[in-house]
Amino acid sequence: MTENSRRFPNRKKRPSRRAPGWIAPALAGVVAVAVTWGIGSTVFHGVLVDHGLPEQVKDASDDERALWIQGAELADLATRANKLAELADGDESQGLASLGASLSQGSALLGELQFEEDSPAQAPSSYTPELAATLLQDVANFSASMPALEEPTLERNQLLSEIAFQVNLDALDASESLDEKNVPELAQPLSATTQDENSQPVSCLPAGDLLDPSTPVGEAKDLESVTVARALDRGYALDFILQLQAARGSSAEVNGIEEQRTALGKQLQTLRSVIDTQCADLRQPAYALPDKGLDNLDKVAADAREDFDDALVLAAGNSDGEARATIANVAFGALRDDSAGIPDQRVLETGTGVN
């Protein structure tokens, strides 16, 4: 469906957002003026990334409140993870600390909304493998679904899906430090789905120019078809780069590259299976390379793989039903394979506006 080959976008890391310095004193006054502002027993606390002012709570949309409640749940899980990390030793402590950091980052990016009658998170007073396993199971279950939003947007769904995949990957890493008898069966991110016998396949891409990530999607109804198409497009682009690597590399490298292409082909076949069979294929004869790309195919391939991983996560977060579960499975497998070679690879790298 692409009319013209496109260059790979420049990969720029966005700066992680941090809590504003004024947030602590500002929040101290929230409870005192709660009744005056008409928000009753609602207590707004924590970090409000991209929201900033407490008075926005009473005027917030249902979707904004849903995100803040999601952030509060992440904060509670972070409290448990960080406390267990303090009480544990060695690998267990490190794994739980990494998980706590991701949970805290997700909460900071979404904001928090809790109610006075809600019980605060119970921080454990001691460490046991059983408590750690229960926490990891709770994190995985949390990551298996996303809040239902009345007006979903690409940006909101992207952030929610990145959080889901990151905390799930960290939970899985932390579980590897547990005794075999305590390792829980973790749910995969965004794997929860209602089995709808009348579920429709993902529709065709509405317009070819929507393959460009810089093109606004516009209609919420097109989020699924556009993000799935973009994931396929990035997968085919990666396969093209791997072909160039095999053709120009040494004979010793060819077998390894072809193994990568075989695995990628299976992923693309599975991804293609959720799309209406009447839709045209997205594969192009060639894809444009960055300047001097042929001289540095290893980096081009690494960037292309990251593009594909990001697109898979985004497609999973913007799909529904069985399509979501299928795409999430592909995305999770790809991320696990890639993280094995790059241990510090993260899905959730930056702050993203969710307005």
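The structure this text deals with has already been given above.
None of these values were measured; they are calculated from a predicted model.

J.: How would you explain the overall build of the protein if you had to name every residue and give the values?
T.: In terms of regular secondary structure, the protein is built from 10 helices and 2 strands. Helices and strands appear in the protein in the N-to-C order α-β-α-α-α-β-α-α-α-α-α-α. When the 355 residues of the protein are sorted by exposure, 47% land in the buried category. Carbon and sulfur atoms provide 48% of the accessible area of the protein, an area that totals close to 17,400 Å².

J.: Describe the packing of helix α3 (residues 62–87) against helix α4 (residues 90–110), and please don't skip the residues or the numbers.
T.: As a packed pair, α3 and α4 sit with axes 8 Å apart at the nearest point and diverge in direction by 160 degrees. Comparing the axis directions of α3 and α4 gives the class roughly antiparallel. Of the two possible hands of crossing, α3 and α4 adopt the one that is left-handed. Here Leu 67, Trp 68, Gln 70, Gly 71, Leu 74, Ala 75, Leu 77, Ala 78, Ala 81, Asn 82, Leu 84 and Ala 85 of α3 lie close against α4, whose contacting residues are Ser 93, Leu 96, Ala 97, Leu 99, Gly 100, Ala 101, Leu 103, Ser 104, Gly 106, Ser 107 and Leu 110. Residue classes in the contact of α3 with α4 are distributed as 15 nonpolar, 8 polar and no charged.

J.: Tell me about the side chain of Asp 222, and name the residues and values.
T.: Mapped onto the secondary structure, Asp 222 falls in the loop between α6 (154–175) and α7 (223–248). Asp 222 sits in the buried class, given a relative accessible area of 13%. Those residues in contact with Asp 222, other than ones at most four positions away along the chain, are Pro 206 and Val 217.

J.: Describe in detail the packing of aromatic side chains, supporting the description with residues and values.
T.: With the rule as written, the count across this model stands at 1 aromatic pair. Relative to Tyr 287, the ring of Phe 240 lies with its centre 6.0 Å away and its plane at 50 degrees, an arrangement referred to as tilted. Linking Phe 240 in helix α7 with Tyr 287 in the loop between α8 (251–272) and α9 (297–317), this pair joins segments that are 47 residues apart in sequence. In this pair, the class of Phe 240 matches that of Tyr 287, namely buried.

J.: Mind laying out empty space enclosed by the protein, listing which residues take part and the relevant values?
T.: Under the criterion given, the structure shown has 4 cavities of 30 Å³ or more. What lines the second largest cavity is simply Gln 70, Leu 74, Leu 110, Phe 142, Ser 143, Ser 145, Met 146, Leu 160, Ile 163 and Ala 164. Broken down by secondary-structure element, the contributors of at least two residues to the lining of the second largest cavity are α3, α5 (129–143) and α6. Here the lining of the second largest cavity gets 3 residues from one element, more than from any other, and that element is α6. Residues belonging to the lining of the second largest cavity are distributed by class as follows: 7 nonpolar, 3 polar and no charged.

J.: Describe the packing of α3 against α6, naming the residues involved and giving the relevant values.
T.: Look at α3 against α6: their axes get within 13 Å of each other, and the N-to-C directions meet at 15 degrees. The orientation of α3 relative to α6 falls into the category roughly parallel. Both α3 and α6 take part in a crossing whose hand is left-handed. Touching Asp 63, Glu 64, Leu 67, Gln 70 and Leu 74 of α3 are Arg 156, Leu 160 and Ile 163, all from α6. Taken together, the residues of the contact of α3 with α6 sort by class into 4 nonpolar, 1 polar and 3 charged.

J.: Can you break down the state of the cysteines residue by residue, with the values?
T.: What the rule picks out here adds up to 1 disulfide. Two residues share a disulfide in this structure: Cys 204 and Cys 279, whose sulfurs sit 2.0 Å from each other. One quick way to see it: the torsion about the S-S bond of Cys 204 and Cys 279 is about -100 degrees, and its sign makes the bridge left-handed. Of this pair, Cys 204 sits in the loop between α6 and α7 while Cys 279 sits in the loop between α8 and α9, and the two are 75 residues apart along the sequence. According to the relative accessible area criterion, Cys 204 is partly exposed, its value standing at 31%. Overall, Cys 279 belongs to the buried group, its relative accessible area being 6%.

J.: Let's hear about the environment of Val 139: which residues, and what values?
T.: Following the sequence through the fold, Val 139 ends up in helix α5. Separated by 66 residues in sequence, Val 139 and Glu 73 place their C-alpha atoms 9.8 Å apart. The residues touching Val 139, leaving out its near neighbours within four places in the chain, are Leu 77, Leu 99, Leu 103, Val 167 and Ala 171.

The rules we used
Residues numbered from 1 in each chain as written. Predicted model: local features only at pLDDT ≥ 70, side-chain atom pairs only at ≥ 80, totals over all residues. Heavy atoms only, no water. Helix = DSSP H or I, 4+ residues; strand = E, 2+ residues; numbered from the N terminus. Buried < 20%, exposed > 50% of the residue type's maximum accessible area, 1.4 Å probe, protein only. Areas by Shrake-Rupley, 256 points an atom, 1.4 Å probe, with all protein chains shown as cover. Axes fitted to C-alpha atoms, helices over the stretch in contact; angles between N-to-C directions. Parallel < 35°, antiparallel > 145°, perpendicular 65-115°, else oblique. Left-handed = near helix turned anticlockwise from the far one by under 90°. Contact = heavy atoms within 4.5 Å. Nonpolar A, V, L, I, M, F, W, Y, C, P; charged D, E, K, R; others polar. Phe/Tyr/Trp six-rings, centres within 6.5 Å; stacked < 30°, edge-to-face > 60°. 1 Å grid on protein atoms, 1.4 Å probe; cavity = no way out; pocket = protein on both sides within 12 Å on 5 of 7 lines; lining within 4 Å. Points joined across faces, edges and corners; volume = space filled by probe spheres on them. Disulfide = S-S within 2.5 Å.

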